[in-house]
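As a plain string of letters, each chain reads:
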Amino acid sequence: MAGNSQRRGAVRKSGTKKGAVVGSGGQSRRAIKPKGPTPPASERTGHPAARRAAAAARREATPQGRPQRKDRGDLPETVVGRNPVVEALRAGVPAMALYVAQGISVDERTAEAVALVGNKGISLLEISRQEMDRLTGNAIHQGLALQVPPYDYAHPDDLLARAKDSGRPPLIVAVDGVTDPRNLGAIVRSAAAFGAHGVLIPERRSAGMTASAWRTSAGTAARIRVARCTNLVRALKEYAAAGLMIAGLDADGTVDTDDFDLATGPLVLVIGSEGRGLARLTRTVCDVTVSIPMARTVESLNASVATGVVLAEVARRRRNL
């Protein structure tokens, strides 16, 4: 043992000598491969130039160069509860399906809802209570839910086309910031009752044609088109360029309905919001602002009521031509 100088466990490699190690020469499978030349900034993911290029491509692919914004109004809506469901069906709100929870007690409203969807050819689906809770987001549904498709909005130019086909001077109602869908529904109802060719609403900061708005319109939403625009001021300027006069409804108007001579010509009547009235930019494109003579004890009218009053005066003047 003492004469053995080799360390235990060591392996002596004979005939080997330390020297240069031969490399793969770039032929190994795992060798790093070159990525090529650096791409332009517009093609680099996450680069500001690439984001600007993508935005420009989206604008070019969209009609009129404006991207169409989708919001909650573009998604199906679910009306829940026995009374709301029956009222929606009575008003002719378009629906895709009526959901009925299994095992619910049947009353007159449930029976009427089932009969109405049967007459209209709407799908009737029976689901479990757990599925109904998930569908309605745990709302108080009373065992009934009605699925309503998103409203099919017209283009602002479609309203002018309808006016041209009617042979009468254009009459369009534009809504500026009305956020209550019931008010919007009542405005649509008045517009249909007094011969308007359509209603124009902005995409943002405005109520949409939900089931509540449709129901308040008492079914008239099926007889008059509602258009939606990205920018209300720009749409009003385009109407003005087409020869329409822009009249804003305002409590401190420059004229009142007694002297509203523009009522008989091509006209856009702009309705302000429930609280602040006409927006500042909207007011700048109005040719005239119109007020309603009222008793001094009353400060103002609801937006939808005021719309009905002015449209009735417009209709009266046009009948007397």
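Here, the structure is the one placed above.
Everything quoted here is computed from the prediction, not taken from an experiment.

Visitor: Could you clarify how one ought to interpret the overall build of the protein chain in this entry?
Guide: Helix and strand counts for the protein chain come out as 10 helices and 11 strands. Out of the 321 residues belonging to the protein chain, those deemed buried represent 40%. Restricting to contacts in the protein chain with at least 6 residues of sequence separation, those with at least 24 account for 81%.

Visitor: What's the story with unusual backbone geometry in this structure? I'm lost.
Guide: Note: most residues except glycine have negative phi, and most peptide bonds are trans. Look at Asn 138: it is not a glycine, yet its phi comes out positive at around 65°. Summarising the element assignment, Asn 138 is placed in the loop between α4 (129-136) and β4 (144-148). The exposure class of Asn 138 is exposed, given its relative accessible area of 62%. Even without glycine at this site, Gln 142 takes up a positive phi of about 55°. For Gln 142, a relative accessible area of 39% corresponds to the partly exposed category.

Visitor: Please clarify how a nonpolar patch on the surface should be interpreted in this entry.
Guide: The grouping of Met 294, Val 298, Leu 301, Val 305 and Val 309 at the surface amounts to a nonpolar patch, some 350 Å² of accessible area in total. Looking at where Leu 301 falls in the secondary structure, it is placed in the loop between β11 (288-291) and α10 (303-319).

Visitor: Would you explain the packing of helix α2 (residues 82-90) against helix α3 (residues 108-120) in this entry?
Guide: Helix-helix packing: each pair is described by the crossing angle between the helix axes and the interaxial distance. Following both chains from N to C, one finds α2 and α3 inclined at 30°, their axes separated by 9 Å at the closest point. On the basis of their axis angle, the class for α2 and α3 is roughly parallel. Where α2 crosses over α3, the handedness of that crossing is left-handed. Facing Arg 82, Asn 83, Val 85, Val 86, Leu 89 and Arg 90 of α2, the residues of α3 in contact are Arg 109, Thr 110, Glu 112, Ala 113, Leu 116, Val 117 and Lys 120. Here the residues of the contact of α2 with α3 sort into 6 nonpolar, 2 polar and 5 charged.

Visitor: Explanation requested: α10 in the structure shown.
Guide: For an α-helix, 3.6 residues make a turn, and residues three or four places apart therefore share a direction. Relative to the 24 Å expected for 17 residues at 1.5 Å per residue, α10 spans 24 Å between its end C-alpha atoms, a close match to the ideal helical length. For α10, a buried count of 12 out of 17 residues is recorded, marking the element as mostly surrounded by other parts of the structure. Those residues of α10 not exposed but buried are Ala 303, Ser 304, Ala 306, Thr 307, Gly 308, Val 310, Leu 311, Glu 313, Val 314, Ala 315, Arg 317 and Arg 318. Against the buried residues of α10 lie β5 (171-175), α6 (181-193), β8 (245-249) and β10 (267-271).

Visitor: What should I look at first to understand the packing of aromatic side chains in this one?
Guide: Two aromatic rings, taken as a pair, are described by how far apart their centres are and by the angle between their planes. Following the criterion strictly, the structure yields 2 aromatic pairs and no others. Look at Tyr 151 and Tyr 153: their rings are 4.8 Å apart centre to centre, the planes differ by 65°, and that puts the pair in the edge-to-face class. There is no split in this pair, since Tyr 151 and Tyr 153 are both buried. Here the aromatic residues Tyr 151, Tyr 153 and Trp 214 are joined through ring pairs into a cluster of three or more.

Visitor: Honestly, the sheet that holds strand β1 (residues 77-80) in this entry has me stumped. Any pointers?
Guide: Within a sheet, each strand pairs with its neighbour through backbone hydrogen bonds, oriented either parallel or antiparallel. Across the sheet, which stays open at both edges, the 4 strands sit in the order β1-β4-β2-β3 with mixed pairing between neighbours. In this open sheet, the two strands that pair with only one neighbour each are β1 and β3 (123-127). Across the sheet, the mean angle separating the axes of adjacent strands is 25° when strand polarity is ignored. The pairing of strand β2 (residues 97-101) with β3 spans 5 bridges and is classified as parallel. The residue of β3 that forms the bridge with Tyr 99 is Leu 125. Its contacts with the sheet place α4 against β1, β2, β3 and β4, and it is angled at close to 130° to β2.

Thresholds applied
Residues numbered from 1 in each chain as written. Predicted model: local features only at pLDDT ≥ 70, side-chain atom pairs only at ≥ 80, totals over all residues. Heavy atoms only, no water. Helix = DSSP H or I, 4+ residues; strand = E, 2+ residues; numbered from the N terminus. Buried < 20%, exposed > 50% of the residue type's maximum accessible area, 1.4 Å probe, protein only. Contact = heavy atoms within 4.5 Å. Patch = residues over 30% accessible without salt bridge, like charges linked within 9 Å, V, L, I, M, F, W, Y side chains within 5 Å. Areas by Shrake-Rupley, 256 points an atom, 1.4 Å probe, with all protein chains shown as cover. Salt bridge = Lys/Arg side-chain N within 4 Å of Asp/Glu carboxyl O. Axes fitted to C-alpha atoms, helices over the stretch in contact; angles between N-to-C directions. Parallel < 35°, antiparallel > 145°, perpendicular 65-115°, else oblique. Left-handed = near helix turned anticlockwise from the far one by under 90°. Nonpolar A, V, L, I, M, F, W, Y, C, P; charged D, E, K, R; others polar. Expected span 1.5 Å × (residues − 1). Phe/Tyr/Trp six-rings, centres within 6.5 Å; stacked < 30°, edge-to-face > 60°. Pairing = 2+ DSSP bridges.

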